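Below, each chain spelled out in residue letters.
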Amino acid sequence: MTEIFSYTACRQVLQLFLAIIFFHVSEYFLAIFFHGRSNVTLRSLLLSKTYILAMTFALLEYCLEVYFFPGLKEHWWISNIGLAILVMGEVIRKMAIITAGQAFTHLIKIYHEEHHKLVTSGVYSFVRHPGYCGFFIWSIGTQIMMCNPISTVAFAVVVWSFFAKRIPFEEYFLRQFFGSEYDEYARRVPSGVPFVK
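Residue numbers restart at each chain and count upward from 1, following the sequence in its written direction. pLDDT decides what is reported in this predicted model: residues at 70 or higher carry local features, side-chain atom pairs at 80 or more are listed and counted, and totals for whole chains, interfaces and linings draw on all residues regardless. Neither water nor hydrogens contribute to the side-chain values; these are computed over all heavy atoms in the structure.

**Notes on the nonpolar core**
Definition used in this section: a nonpolar core is a set of buried Ala, Val, Leu, Ile, Met, Phe, Trp, Tyr and Cys residues joined via side-chain atoms within 4.5 Å. Each residue's exposure class comes from its accessible area (1.4 Å probe, protein chains only) as a fraction of the maximum for that residue type: buried when under 20%, exposed when over 50%, partly exposed otherwise. With 47 residues, the main nonpolar core has Tyr124, Phe135, Trp138, Phe163 and Tyr182 as its most contacted residues. Going along the chain from the N terminus, every DSSP run of H or I of four or more residues is numbered as a helix, and every run of E of two or more is numbered as a strand. Those elements that provide at least two residues to this core are helix 1 (7-35), helix 2 (49-68), helix 3 (76-100), helix 4 (130-145) and helix 5 (149-188). Top element by residues in this core is helix 5. It accounts for 11 residues.

Structure representation (structure tokens):
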């Protein structure tokens, strides 16, 4: 039982909780900043049942492994690489939100609004969906940081599958809104999620 309350376990769990809190609270406040308080709901915290279940599974894996295989969690270089990956994903996502400004929303727009412009500058000049790219990197980074081998693979597969469906759906509407301008942009710039065109 002392393994669960060891310095390593406390540090890794604290880093996870701080990463989760910062990610979600900053998403909420950036949404308020760009869209106004009256246009933002608690859904902008991005806390779904599936997400909470996934993080609960990751914590359960962590506790079981720290109890039965405490040496697995002592690979500091792996944990620190995970932390660096997590921070990189966070930075990419927040750059996406800030660059897109009002054009960035947590829900896919199915109707074109007057202020909705195609953003192709900044981080969008490197990847078409830097918000998704950033979240994909961030989510995997959380699990590498925790030295959770099962959750690292599970998060990669589940998050990738989600974006593999979401990106084509979103791009259908982007092509409706921006036509050949979006087609040309999509030809030049990768999606930002591996193996998703």
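**Topic: the packing of aromatic side chains**
The criterion for an aromatic pair is that two Phe, Tyr or Trp rings (for Trp, the six-membered ring) have centres within 6.5 Å, with stacked assigned to planes under 30 degrees apart, edge-to-face to planes over 60 apart and tilted to the rest. With the rule as written, the count across this model stands at 13 aromatic pairs. Ring geometry for Phe23 versus Phe135: centroids 5.5 Å apart, planes at 55°, classification tilted. A residue pair is termed long-range when its members are at least 10 positions apart, and Phe23 in helix 1 and Phe135 in helix 4 qualify at 112 residues. Of the two residues examined, Phe23 and Phe135, each falls in the buried class. Residues Tyr28 and Phe29 carry aromatic rings whose centres are separated by 5.5 Å and whose planes lie at 75° to one another, so their mutual orientation is edge-to-face. According to the relative accessible area criterion, Phe29 is exposed, its value standing at 51%.

**Re the environment of Met95**
Tracing the backbone shows Met95 in helix 3. Accessibility expressed as a relative area gives 40% for Met95, which makes it partly exposed. A sequence separation of 35 residues divides Met95 from Pro130, and the C-alpha atoms of the two residues are 8.0 Å apart.

**Structural notes on the UniProt feature "transmembrane region" (unreviewed entry) in the chain**
UniProt positions are given in the numbering used here, feature names are shortened, and annotations may be inferred rather than shown by experiment. Using the residue numbers shown here, the UniProt feature "transmembrane region" (unreviewed entry) corresponds to residues 12-34, 46-69, 75-92 and 135-163. Spanning residues 46-69, this segment combines 83% helix with 0% strand, and its end C-alpha atoms are found 33 Å apart. What you have in residues 135-163 is 90% helix and 0% strand, and the ends, taken at the C-alpha atoms, are 10 Å apart.

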